[in-house]
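# Structural description and commentary
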Amino acid sequence: MTTEIPGSFDGTNLVPRRAFLKGVLAGGGLLAAGGALSAAELLVNGSDAMKPAFRGPNVVLIRFGGGARRRETIDPQSTYSPFLCREFVRRGALFRNMEIAQIEGLNTSHGEGTLNIVTGKYDKYKDIENKFLGARFEPKVPTVFEYLRKSFAVPPHQTLIVNGEDRPDEEFYAFSNHFAYGINYRSNMLSLYRFKAWLMRQQIAEGKLTDKQIEQRKKELSKWEKVDYRTQGEDRQGQELEGFWRRWREYYGDSGLVNPRGDRLLTELTVRAIKELRPRLIMVNYQDCDYVHWGNLSHYTRAVSIMDDGLRQIVETVEADAEYRGNTIVVVVPDCGRDSNPFADVPCQHHFGSRSAHEIFALFVGPGVPRGAVVDKHVDQSQVAATIGRLMGFQAAFAEQRVLEEAIA
């Protein structure tokens with residue numbers, strides 16, 4: 001793969017992506033979270049002191065993930081999402097016929113769908129280590145988090161992705177490899193994966209472990225730190241996230257047996273993040289619907305209802321907060337649909353490109369969005385990013401530029 005280098009906007013002057021990034025990391029002063037920017041980076045990226053403050057609206061982007069069909073979500077006759085379908089849609093603009101484009105080589109799956117949403121651009125992604133069923137993808141164009149942070153003085157702890165513990169590959173969707181954006185404009189991650197890494201460092205520093213336990217934790221940390229070559233093993237989350245995880249530990253302890261799990265965990269992390277970190281843009285990557293691959297349809301329908309209850313709790317948290325109420329837009333969109341073949345041995349697949357796997361929806365609710373609008377025309381998943389940009393006040397320059405006009409009053 002290749003990436004554009006500075007001064008070459010026509011794509012004719014290209015170098016291997018990994019070589020370019022390693023060169024920048026080694027020689028350009030590009031540091032991980034908490035590090036200072038070099039003079040060269042300040043020339044390219046600018047200083048937060050020179051950027052305008054962000055006044056809103058904030059956005060809570062909820063991925064109805066793990067693949068959610070229209071039938072079990074927005075269809076009143078068969079929904080397992082009563083809050084979404086019968087109450088929340090009345091407050092905003094519902095796009096009933098959103099689709100994932102039919103492009104040769106484009107997968108209808110979770111990682112790809114997530115990146116379609118946050119970059120606003122389709123791509124044929126490949127796991128960077130060529131692992132079978134691997135989903136460690138690196139976007140070549142910026143994410144909405146990067147656009148926001150480059151446009152406004154928004155710190156990384158106020159741009160968050162809340163990720164599930166069963167999808168470690170998606171831990172690395174926080175920033176793109178675009179030379180003008182990238183690591184200095186990334187979002188932060190909230191997940192059990194990140195908490196466990198923080199906890200291991202804390203336990204080592206506290207000096208209460210045996211030598212064998214310390215060795216084992218250092219080995220695990222070393223493995224984690226080598227996963228992302230782009231951060232050179234220096235991926236720390238900053239003092240705000242350190243404090244968040246400290247309070248999480250004080251409440252739930254070290255065992256992992258007390259805190260919620262699955263998509264309920266993501267709801268809890270999101271509610272706490274809104275109260276403690278005050279995010280401007282937060283994405284919740286629900287995923288439990290994917291357990292339908294075990295063969296039981298009830299795994300899927302139960303997961304849909306859990307996401308719906310999580311959506312309700314997040315909305316109630318926003319509405320109970322004076323600073324968020326009236327200044328926050330909630331966007332709900334699936335990563336992909338699912339197959340509707342009633343005779344399949346394992347129901348609700350999504351990997352085979354069936355029509356219903358491409359059929360999704362989107363809902364926008366909040367200030368600046370019409371209430372009670374139902375849009376039946378065909379629209380596209382790649383339009384979500386540009387629409388979020390228009391609502392938040394930045395331009396997603398490398399995204400699909402067609403805005404969902406019906407989402408803007």
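Everything discussed here concerns the structure shown above.
Residues numbered from 1 in each chain as written. Predicted model: local features only at pLDDT ≥ 70, side-chain atom pairs only at ≥ 80, totals over all residues. Heavy atoms only, no water.

### Remarks on unusual backbone geometry
Of all residues except glycine, most have a negative phi; of all peptide bonds, most are trans. Glycine 56 connects to proline 57 through a cis peptide bond whose omega is 5 degrees. Looking at the secondary structure, you find proline 57 in the loop between helix H2 (39-45) and strand S3 (58-64). Positive phi is not limited to glycine here, since asparagine 130 has a value of about 60 degrees. Secondary-structure assignment places asparagine 130 in the loop between helix H4 (110-119) and helix H5 (144-151). Judged by its relative accessible area of 53%, asparagine 130 falls in the exposed class. Here the phi dihedral of arginine 278 falls at roughly 55 degrees; this positive angle occurs in a residue that is not glycine. Along the polypeptide, arginine 278 turns up in the loop between helix H9 (262-276) and strand S7 (281-285). (Helix = DSSP H or I, 4+ residues; strand = E, 2+ residues; numbered from the N terminus. Buried < 20%, exposed > 50% of the residue type's maximum accessible area, 1.4 Å probe, protein only.)

### What to know about the pairing of strand S4 (residues 92-99)
Where burial is concerned, most of S4 is hidden: 6 out of the 8 residues are buried. In this sheet, strand S9 (residues 359-365) lies alongside S4 in antiparallel orientation, the contact comprising 6 bridges. If you follow glycine 92 over to S9, its bridge partner there is valine 365. Summarising the sheet, S4 and strand S10 (residues 373-375) pair through 3 bridges and their orientation is parallel. (Pairing = 2+ DSSP bridges.)

### Section: the pairing of strand S5 (residues 159-162)
Neither face of S5 is left uncovered, since the one carrying Thr159 and Ile161 and the one carrying Leu160 and Val162 both have all their residues buried. Relative to S7, S5 runs parallel, the two being bridged by 4 bridges. Looking at S7, one finds that leucine 160 is bridged to isoleucine 282. Across 3 bridges, S5 lies against strand S6 (residues 188-190) in parallel orientation. Each bridged residue has a counterpart across the sheet, and for isoleucine 161 the counterpart in S6 is methionine 189.

### Topic: the nonpolar core
Core analysis: the largest hydrophobic core is formed by 55 residues, its most contacted members being Leu61, Phe95, Phe364 and Ile388. By residue number, the principal contributor to this core is helix H11 (residues 383-392), which donates 5 residues. Leaving out residues up to four positions away in the same chain, leucine 61 has contacts with Ile117, Val118, Ile282, Met283, Val284, Val331, Val333 and Ile388. Within the second largest apolar cluster, 48 residues are counted, among which are Ile74, Phe195, Trp198 and Leu199. (Core = buried A, V, L, I, M, F, W, Y, C linked by side-chain atoms within 4.5 Å. Contact = heavy atoms within 4.5 Å.)

### Focus: the packing of H9 against helix H10 (residues 297-319)
Axis separation between H9 and H10 bottoms out at 9 Å; the angle between their running directions is 10 degrees. Here H10 runs roughly parallel to H9, going by the angle between their axes. Of the residues in H10, those in contact with Asp263, Arg264, Thr267, Thr270, Val271, Ile274 and Lys275 of H9 are Arg302, Ile306, Met307, Gly310, Gln313, Ile314, Thr317 and Val318. The residue makeup of the contact of H9 with H10, split by class, is 6 nonpolar, 5 polar and 4 charged. (Axes fitted to C-alpha atoms, helices over the stretch in contact; angles between N-to-C directions. Parallel < 35°, antiparallel > 145°, perpendicular 65-115°, else oblique. Nonpolar A, V, L, I, M, F, W, Y, C, P; charged D, E, K, R; others polar.)

### As for the packing of aromatic side chains
Here the structure, examined in full by the defined rule, presents 16 aromatic pairs. On the basis of an interplanar angle of 75 degrees and a centroid distance of 5.3 Å, the ring pair of tyrosine 147 and tyrosine 181 is categorised as edge-to-face. Taken together, the residues span a long stretch of sequence, with tyrosine 147 in helix H5 and tyrosine 181 in the loop between S5 and S6 at a distance of 34 residues. The exposure class assigned to tyrosine 147 is buried, which follows from its relative accessible area of 1%. Consider the rings of tyrosine 251 and tyrosine 252, whose centres lie 4.8 Å apart with planes at 85 degrees: the pair is edge-to-face. When its relative accessible area of 56% is taken as the criterion, tyrosine 251 is described as exposed. (Phe/Tyr/Trp six-rings, centres within 6.5 Å; stacked < 30°, edge-to-face > 60°.)

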